[in-house]
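Residue-level structural notes
Residues per chain, in single letters:
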Amino acid sequence: MAGKKKKRGRKKIVLFVFEILLLGVLLGVLWLYNTTLGQVDFDDEALSASEAGINEDIDEDALANMHGYLNVALFGLDNRSNGSYDEGNSDCIIIASLNYDTKEVQLVSLYRDTYLSSGNGRYTKANGAYSAGGVKRAISMVNSNLDLNITKYICVDWKALVDAIDDLGGVDLDVTQDEVDEINYLLPEIDGTTGYETAEVTTTGTVHLDGTQATAYARIRSTSGDDFLRASRQRIVLQAMLDKAQNADLASLKSMCTDILKQISTNFTAAELIQYASAVNKYEIKSTTGFPFELTTKILSSTGDTVIPIDLAKNVSELHEYLFNEQGYTASDTVQRISQKIEDKTGVDPDEAAYDLDKFNDTVGSDGTEGVKKKNELKNPKSTEQDVDSDDGDSDSDDRDSDSDEEQNDREGNGNEEEY
């Protein structure tokens, strides 16, 4: 993946415009409307390395290399409420990485059902870490399992995305009949949270969707491809929003800022947000993908239908090659121990056949899932791995993993290093 050629002709945008648009926030206009920053829920305290769960045994050269990147954790909360950041699962987890030298941005969606260490000897789905311990625990989960150094975060909820898309005048997406059926199924639940009343989608192909309809599209996971394709849909919605935002008038952008900014929780300072957002023409999207790269699914007694990394340590090595061009990266001893524990607990070993997810990964330039699949199949010839489309997948009915699932997990070890 690290050897992909740089795409030409991509629209240049600032890191935070790209990421937060996915979650419903256009930060690219903050520098024009400084007065709106007072509505953002800022956490004044920066996370220390210990609080962020950064592994102490990461190779020093690798850690120094990561310092050349701005790495950010982005969380979209499924809490069935508005503006609350102390509850709910983080059903959208994105790692955003900006290369300071090349100005390239890469995004990695961490699949919400991925079985990982959540600290204190517990192993559960990735999205449950936020519900169990808030944003600090969620960031610690990401860092400790993936050998990352993230200390910055931004969180939003459903209504932020709905309002942002509506303020842009909606988006045009290419939808299939299965997707239309799922959009209409999800509309009442979203309306119940936002208080809006939304009409059903009645046609397929290129369709104009309002904020609620597009948010429902981004939540679809019960079609073929389940949560893996949902992560792609989230990036597809972002791209459509970006296209609209770049052609929107200032009144629309200001309206969106006013509606959305009060729904953000972040530990970036106002000055930092303005600094990055004001460099709107200097950054370029390189590619997007999902993590883990090699995985399978399995029903576990503690977590139900779960995504299992096949050799987490190997996946982490590939992640560092993808994000930081770290050729031959060796995962830390902490990650190696987590990897072995996952194998022991799940029975999934490094020789397990992996799903073929290549066709869902890079969404840049696509306005629908069929376009994404065709584009990526041309780039990546069909492999001998399992095709996830042959799997029924898990349904959207388990979107809210209960806290009791986590309580059922084993508790092992006491020390800071041994807790993973």
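Shown above is the structure to which this text applies.
All of the points below concern the structure found in this document.

Thresholds applied
Residues numbered from 1 in each chain as written. Predicted model: local features only at pLDDT ≥ 70, side-chain atom pairs only at ≥ 80, totals over all residues. Heavy atoms only, no water. Helix = DSSP H or I, 4+ residues; strand = E, 2+ residues; numbered from the N terminus. Buried < 20%, exposed > 50% of the residue type's maximum accessible area, 1.4 Å probe, protein only. Contact = heavy atoms within 4.5 Å. Areas by Shrake-Rupley, 256 points an atom, 1.4 Å probe, with all protein chains shown as cover. Salt bridge = Lys/Arg side-chain N within 4 Å of Asp/Glu carboxyl O. Core = buried A, V, L, I, M, F, W, Y, C linked by side-chain atoms within 4.5 Å. Phe/Tyr/Trp six-rings, centres within 6.5 Å; stacked < 30°, edge-to-face > 60°. Lys NZ or Arg CZ within 6 Å of the ring centre and 35° of its normal. Axes fitted to C-alpha atoms, helices over the stretch in contact; angles between N-to-C directions. Parallel < 35°, antiparallel > 145°, perpendicular 65-115°, else oblique. Nonpolar A, V, L, I, M, F, W, Y, C, P; charged D, E, K, R; others polar.

**Let's talk about the overall build of the chain**
- Counting its secondary structure elements, the chain contains 13 helices and 15 strands.
- Taking all 420 residues of the chain together, the buried fraction comes to 59%.
- In the chain, the share of contacts with a sequence separation of at least 24, taken over all contacts with a separation of at least 6, comes to 78%.
- On the chain, roughly 16100 Å² of surface is accessible, and the fraction owed to carbon and sulfur atoms is 44%.

**A look at the pattern of salt bridges**
- One pass over the structure, following the stated rule, counts 14 salt bridges.
- A salt bridge links Asp227 to Arg221, with the nearest nitrogen and oxygen atoms 4.0 Å apart. For the pair Asp227 and Arg221, a shared accessibility class is recorded, and that class is buried.
- In this structure, Glu294 engages Lys314 in a salt bridge whose closest nitrogen and oxygen atoms are separated by 3.7 Å. Highlighted residues: Glu294 in the loop between β11 (284-291) and β12 (295-300) and Lys314 in helix α10 (residues 312-324), separated in sequence by 20 residues.
- For Lys314, a relative accessible area of 42% corresponds to the partly exposed category.

**Thoughts on the nonpolar core**
- Membership of the largest hydrophobic core comes to 50 residues, with the highest contact counts inside it found for Phe75, Ile139, Val142, Leu146, Phe291 and Leu312.
- Looking at this core, the element that brings in the most residues is helix α3 (residues 128-146), giving eight residues.
- In this structure, Ile165, Val175, Val207 and Met241 belong to the second largest nonpolar core, which totals 28 residues.

**A look at the side chain of Ser366**
- Structurally, Ser366 can be placed in the loop between β14 (355-356) and α12 (369-379).
- Using a relative accessible area of 8% as the deciding quantity, one classes Ser366 as buried.
- Apart from the residues within four sequence positions on either side, Ser366 is in contact with Ile236, Gln239, Gly371, Val372 and Lys375.

**A look at the packing of aromatic side chains**
- The tally for this structure, following the rule as stated, stands at seven aromatic pairs.
- Geometrically, the ring pair formed by Tyr69 and Phe324 is edge-to-face, given 4.9 Å between the ring centres and 70° between the ring planes. Taken together, the positions of Tyr69 in strand β2 (residues 69-78) and Phe324 in helix α10 put the pair 255 residues apart, joining distant regions of the chain. Each member of the pair Tyr69 and Phe324 is classed as buried.
- One aromatic cluster in this structure is built from Tyr111, Phe228 and Tyr355.
- Note that Lys152 overlies the ring of Phe268, its terminal NZ or CZ placed 5.2 Å from the centroid.
- Above the ring of Tyr217, the side-chain terminus of Arg233 is found at 5.8 Å from the ring centroid.

**Examining the packing of α10 against helix α11 (residues 333-346)**
- At a closest axis distance of 7 Å, the pairing of α10 and α11 adopts a crossing angle of 135°. Looking at the two axes, α10 sits oblique to α11. Taken together, the residues of α11 that come into contact with α10 (itself represented by Leu312, Ala313 and Val316) are Val335, Gln336, Ile338, Ser339 and Ile342.
- The residue makeup of the contact of α10 with α11, split by class, is six nonpolar, two polar and no charged.

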